[in-house]
Amino acid sequence: MAHKKGSGSSRNGRDSKGRRLGIKIYGNQYVKSGEIILRQRGTKHHPGKNVEMGKDHTLYSVKNGFVLFKKKRKNRSFVSVTSENKKKRSNIK
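Please read all numbers here as calculations on a predicted model, not as lab measurements.

Basis of the calculations
Here, residues in each chain are numbered from 1, in the same order as that chain's written sequence. Local features are withheld for residues below a pLDDT of 70 in this predicted model, meaning they are given only at 70 or higher, and side-chain atom pairs are given and counted only at 80 or more; totals for whole chains, interfaces and linings count all residues. The side-chain numbers reported here are obtained from all heavy atoms of the structure, hydrogens and water having been left aside. Under the DSSP-based scheme used, a helix requires at least four consecutive residues in state H or I and a strand at least two consecutive residues in state E, with every element numbered from the N terminus. Per-residue accessibility, obtained with a 1.4 Å probe over protein chains only, is compared with the maximum for each type, and a residue is labelled buried under 20%, exposed over 50%, and partly exposed between these values. Contacts were defined at the residue level, with two residues in contact if any of their heavy atoms lie within 4.5 Å. In short, Shrake-Rupley with a 1.4 Å probe defines the accessible areas, and a residue's cover is counted only from the protein chains shown. Strands are treated as partners if at least two bridges between them are detected by DSSP.

1. Things to note about the overall build of the protein
Per the secondary structure count, the protein includes one helix and eight strands. Of the regular secondary structure in the protein, the N- to C-terminal order runs β-β-β-β-β-β-β-β-α. Counting across all 93 residues of the protein, residues that qualify as buried make up 24%. Taking the contacts inside the protein whose residues are at least 6 apart along the sequence as the reference set, 43% of them involve residues at least 24 apart. A total accessible area of about 7700 Å² is found for the protein, and carbon and sulfur atoms account for 48% of it.

Below is the structure:
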């Protein structure tokens, strides 16, 4: 006997949707209060000044300002929001 399924039968037709994780607003970009800076699983990046963490480890801004990524203690990445743009300030002589 031939071991062939009938037409229209498929076993591997399932796939999950992408989770849309990652950085949404990069360093030195302007962010408004309440906007999501990045989505992550776990704490790859930690909240710094003017940034808070949601229950799914999403980091979002609490104040208007510019995003700043910085490595601090134990080589951890911290995300902060500052009032001035570091890139523009460095061009002033």
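2. So, the pairing of strand β8 (residues 77–82)
For β8, a buried count of six out of six residues is recorded, marking the element as mostly surrounded by other parts of the structure. Bridge analysis of strand β4 (residues 45–47) against β8 gives three bridges, and the strand direction is parallel. Paired with His45 across the two strands is Ser77, which belongs to β8. Pairing analysis gives six bridges linking strand β7 (residues 65–71) to β8, with the strands arranged antiparallel. Bridge pairing links Leu68 to Ser80 in β8. In textbook terms, the turn of a hairpin is the stretch between consecutive antiparallel strands, and for β7 and β8 this stretch comprises five residues, one of which, Lys74, has a positive phi near 55°.

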